[in-house]
There are 2 protein chains.
Amino acid sequence: MERHFDHELAALKEELLRMASLAEQSVAEMLKALTQRDDALARKVETDDDMIDQLQIEIDDRCIKLLALRQPTAKDLRFITMSMKISTDLERIGDEAVNIAESVEAINKEPVLKPLVDIPRMAEIARSMIRDSLHAFIFGTVEEAQQVIQRDDQVDNLNYQLQRELTSFMIEDPQTITRCLNLMRVAHNLERIADHATNIAEEIIYLYEARDIRHHHEQGS
Amino acid sequence: MERHFDHELAALKEELLRMASLAEQSVAEMLKALTQRDDALARKVETDDDMIDQLQIEIDDRCIKLLALRQPTAKDLRFITMSMKISTDLERIGDEAVNIAESVEAINKEPVLKPLVDIPRMAEIARSMIRDSLHAFIFGTVEEAQQVIQRDDQVDNLNYQLQRELTSFMIEDPQTITRCLNLMRVAHNLERIADHATNIAEEIIYLYEARDIRHHHEQGS
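In this text, all values refer to a predicted model and were calculated from it rather than measured experimentally.

Participant: What exactly am I supposed to notice about the overall build of chain A here?
Facilitator: Helices and strands together make up the secondary structure of chain A, namely seven helices and zero strands. Counted from the first residue to the last, chain A has its helices and strands arranged as α-α-α-α-α-α-α. For chain A, whose C-alpha radius of gyration is 19 Å, the value lies close to the compact-globule estimate of 17 Å for 221 residues. Looking at the 221 residues of chain A, the share that counts as buried comes to 43%. Counting only contacts in chain A whose residues sit at least 6 apart along the sequence, the fraction spanning at least 24 positions is 81%.

Structure, rendered in structure tokens:
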């Protein structure tokens, strides 16, 4: 019986990893859709989101069944409840990627404003945050999860800088307003993706250290 | 033993209600801070958020303990797991209210742009969505939760209109750009608060009907 439960937990872990990898892929694809002005890819991100949504429902079902049938305690119990929280954050990362894809389609209709530097950097950091938080989840590497949380500040700073820069652009040349607004939205959505990855990292630290660090790092960093 | 468990569930319900009422109050206060240009009230929203954060940690702890000690099944199990999801959404509503409060402080530093109409309306609908979703949660009134979900479209439409209107303002008079951007952020954050209330309503429908309506109403409406 015990060994069967281990298999069930492994299957849950695998499903979460699949969901995370789809979410990460959506971020990569939306960046490519933006830098290569590829509308078809932007639309692909929108349809791929259905798979992410479906996985969330499956993971929640799986968790509820495991709780009911196995009545786990201690670490297994935390693992399963945290899986439900992690799936929620991954699902919302998918939603943010869809929001970005919609802005990208609008951006691609207009002339290029300027070479993109900050947005690709933000997207790369956000992707690494999703990837590393899930790696920390499988291997129980709490330090890795802590690094994810620290990286969130970099994304926040890049977003802040970019919002300021785009505001100046708009003031100097009002013809750029619509384009600037769309780029601002993309940056803002990326910043939220990083926030969700940070939430996941916090869940993982809670899972492995059984202490709640949420609402503490904010003061610390 | 069974009766003691009922008391524990009642205590959990009460704690969630307290958290929801604080979240709703934050939305009301930030609106007042905006319309009455009251910086002190904006700062109060920021400090009140600590209480909301603390409640989330307490509710999660309470849920994990109930799952471990009582090993509930069926409806009680769903109630407890959904409570953890609802507390996450309430916590993020608190975060959005803090984001709004920060924008309000910036807005209050500049001359009034125009009389506010859409933002107070959005805030009122968002508040009613938080209130009604929690009411549906206590009384198991699934129809009420469904109405919350429908109201989300009104908030989305108001946000869309306002974003367009503010964009026109900016193009006509670039001197208004900073003010318009701050109002856009407020509207965007309100729209997200309504999204979180919608998530809560979806959790409640799942709780009481044991079916998953997430990712379905999007196609329907």
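Participant: When you look at the relation of the copies chain B and chain A in this model, what are you seeing that I'm missing?
Facilitator: Once chain B is rotated about the relating axis by 180° and shifted along it by 0.0 Å, it coincides with chain A to within an RMSD of 0.0 Å. What the superposition gives is, in effect, a two-fold axis relating one chain to the other. For chain B, the residue whose C-alpha comes nearest the rotation axis is B:Gln71, separated from it by 2.9 Å. Taken as a fraction of all interface residues of chain B, those also at the interface in chain A reach 100%, which identifies the copy contact as same-surface.

Participant: Just checking my understanding: could you explain the packing of helix H5 (residues 142-172) of chain B against helix H6 (residues 177-209) of chain B for this structure?
Facilitator: Think of two packed helices as two axes; the pair is described by the angle between the axes and how far apart they sit. Residues and elements named next belong to chain B. For the pair H5 and H6, the least separation of the axes is 9 Å and the interaxial angle reads 165°. Our classification of the angle between H5 and H6 gives roughly antiparallel. Read as a crossing pair, H5 and H6 show a hand that is left-handed. A class-by-class count of the residues in the contact of H5 with H6 yields 21 nonpolar, five polar and six charged.

Participant: What should I look at first to understand the interface of chain B and chain A in this one?
Facilitator: Accessible area lost on assembly of the parts is the figure often given for the size of an interface. Taken together, the contacts link 23 residues of chain B with 23 residues of chain A. Secondary-structure elements contributing two or more residues to the side of chain B that touches chain A are helix H2 (39-70), helix H3 (74-107), H5 and H6 of chain B. In terms of residue class, the side of chain B that touches chain A is made up of eleven nonpolar, seven polar and five charged.

Participant: Please clarify how the nonpolar core should be interpreted in this entry.
Facilitator: As a rule of thumb, soluble globular proteins bury nonpolar side chains together. Counting residues in each nonpolar core, the largest one holds 112 residues, and the members touching the most others are A:Met30, A:Ala126, B:Met30 and B:Ala126. If we ignore the near neighbours within four places in the chain, the residues touching B:Met30 are B:Ala42, B:Val45, B:Ala97, B:Ile100, B:Ala101 and B:Val104. If you look at the next biggest cluster of nonpolar residues, it comprises eight residues, including A:Ile64, A:Leu66, A:Leu67 and B:Ile64.

Participant: Hey, could you run me through helix H2 (residues 39-70) of chain A in this one?
Facilitator: One turn of the α-helix equals 3.6 residues, which is why residues spaced by three or four share an orientation. All names here are of chain A. Between its first and last C-alpha, H2 extends 47 Å over 32 residues, near the 46 Å set by a 1.5 Å rise per residue. Among all positions in H2, only Ala42, Val45, Asp49, Ile52, Leu55, Gln56, Ile59, Asp60, Arg62, Ile64, Leu66 and Leu67 are buried. Immediately downstream of H2, the backbone of glutamine 71 shows phi near 40°, a positive value.

Participant: Honestly, helix H6 (residues 177-209) of chain A in this entry has me stumped. Any pointers?
Facilitator: The terminal C-alpha atoms of H6(A), which comprises 33 residues, lie 47 Å apart, in line with the 48 Å expected from a rise of 1.5 Å per residue. The element H6(A) is largely enclosed, with a buried count of 29 among its 33 residues.

Participant: Would you mind going over the environment of A:Ala40 with me for this structure?
Facilitator: Residue and element names in this part refer to chain A. Residue placement: alanine 40 occurs in helix H2. Note on alanine 40: 7 C-beta atoms within 10 Å, which makes it exposed. Measuring from C-alpha to C-alpha, the distance between alanine 40 and alanine 197 comes to 27 Å, with 157 residues separating the pair along the chain.

Participant: For this particular structure, what's the right way to read the confidence of the model for chain A?
Facilitator: Where the model shows low pLDDT, its predicted coordinates should not be examined in detail. All names here are of chain A. Across chain A, the average pLDDT comes to 92, with 94% of residues at 70 or higher. Looking at the elements of chain A, mean pLDDT is at its lowest for helix H7 (residues 217-220), recorded as 46, and at its highest for helix H5 (residues 142-172), recorded as 96. As a predicted assembly, this complex carries a pTM of 0.91 together with an ipTM value of 0.87.

Conventions we followed
- Residues numbered from 1 in each chain as written.
- Chains lettered and ligands numbered in written order.
- Predicted model: local features only at pLDDT ≥ 70, side-chain atom pairs only at ≥ 80, totals over all residues.
- Helix = DSSP H or I, 4+ residues; strand = E, 2+ residues; numbered from the N terminus.
- Rg over C-alpha atoms; globule rule 2.2 N^0.38 Å.
- Buried ≥ 20, exposed ≤ 12 C-beta atoms within 10 Å, placed from the backbone.
- Contact = placed C-beta atoms within 7 Å.
- Least-squares fit on C-alpha atoms with pLDDT ≥ 70 in both.
- Axes fitted to C-alpha atoms, helices over the stretch in contact; angles between N-to-C directions.
- Parallel < 35°, antiparallel > 145°, perpendicular 65-115°, else oblique.
- Left-handed = near helix turned anticlockwise from the far one by under 90°.
- Nonpolar A, V, L, I, M, F, W, Y, C, P; charged D, E, K, R; others polar.
- Core = buried A, V, L, I, M, F, W, Y, C linked by C-beta atoms within 7 Å.
- Expected span 1.5 Å × (residues − 1).
- pLDDT = per-residue confidence, 0-100.

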